[in-house]
Amino acid sequence: MPPFPKRYTGTLSHPDIGDGQEIEIAVVRKTAGSGTWSAGDETKDIEIQEKDDLIGFTDGETELVGKETASGVIKGQVTYNGEEGGEFTLIPQESSSAGSPVNAVRKLRGNGAPGDEFRALSVWFIVNKLMDDLGA
């Protein structure tokens, strides 16, 4: 297993969460069994379990259970308050010292124009790629 922390960004959707709209999330896996996830301005502690080829993340209310692909992407189903019906995708991110995409989005909240959150995430990924290429 790779060293921790491991970071993922992605989306989840469920009919009972955010009117069924896709929600952007960021997950930090701090240890084999614990971490945090963030969506918008909210961050929650999560438990992480692996069994056979499945990996599960839960905060006690929302549960993500999926499988990791050969490229490290985790895809699966969302259960919210015991109700199945959603899906998620988590994409692994390389470690970097440039901050997190969630923080980039938070900096633009409040006075930002429509689309600024997407641009903030795009800029964050470009900056991190450049820093990684430069060995920073």
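Quick notes on the rules
Residues numbered from 1 in each chain as written. Predicted model: local features only at pLDDT ≥ 70, side-chain atom pairs only at ≥ 80, totals over all residues. Heavy atoms only, no water. Helix = DSSP H or I, 4+ residues; strand = E, 2+ residues; numbered from the N terminus. Buried < 20%, exposed > 50% of the residue type's maximum accessible area, 1.4 Å probe, protein only. Contact = heavy atoms within 4.5 Å. Areas by Shrake-Rupley, 256 points an atom, 1.4 Å probe, with all protein chains shown as cover. Pairing = 2+ DSSP bridges. Axes fitted to C-alpha atoms, helices over the stretch in contact; angles between N-to-C directions.

Colleague: How do you make sense of the overall build of the chain when you look at a structure like this?
Modeller: From N to C terminus, the chain includes two helices and eight strands. N-terminal to C-terminal, the α/β element order of the chain is β-β-β-β-β-β-β-β-α-α. Counting all 136 residues of the chain, 33% fall into the buried class. In the chain, once contacts between residues fewer than 6 apart in sequence are set aside, the share between residues at least 24 apart is 36%. For the chain, the exposed surface amounts to about 8,400 Å²; the carbon and sulfur share of it is 51%.

Colleague: Looking at this structure, I do not really get the sheet that holds strand β2 (residues 23–29). What am I missing?
Modeller: The pairing of strands in a sheet comes from backbone hydrogen bonds and takes either a parallel or an antiparallel form. If you trace the eight strands once around the closed barrel, you get β1-β2-β3-β4-β5-β6-β7-β8, paired in antiparallel fashion. Going from strand to strand, the sheet's axes swing by 30° on average, the running direction of each strand aside.

Purely spatial values, then, with no claim about function.
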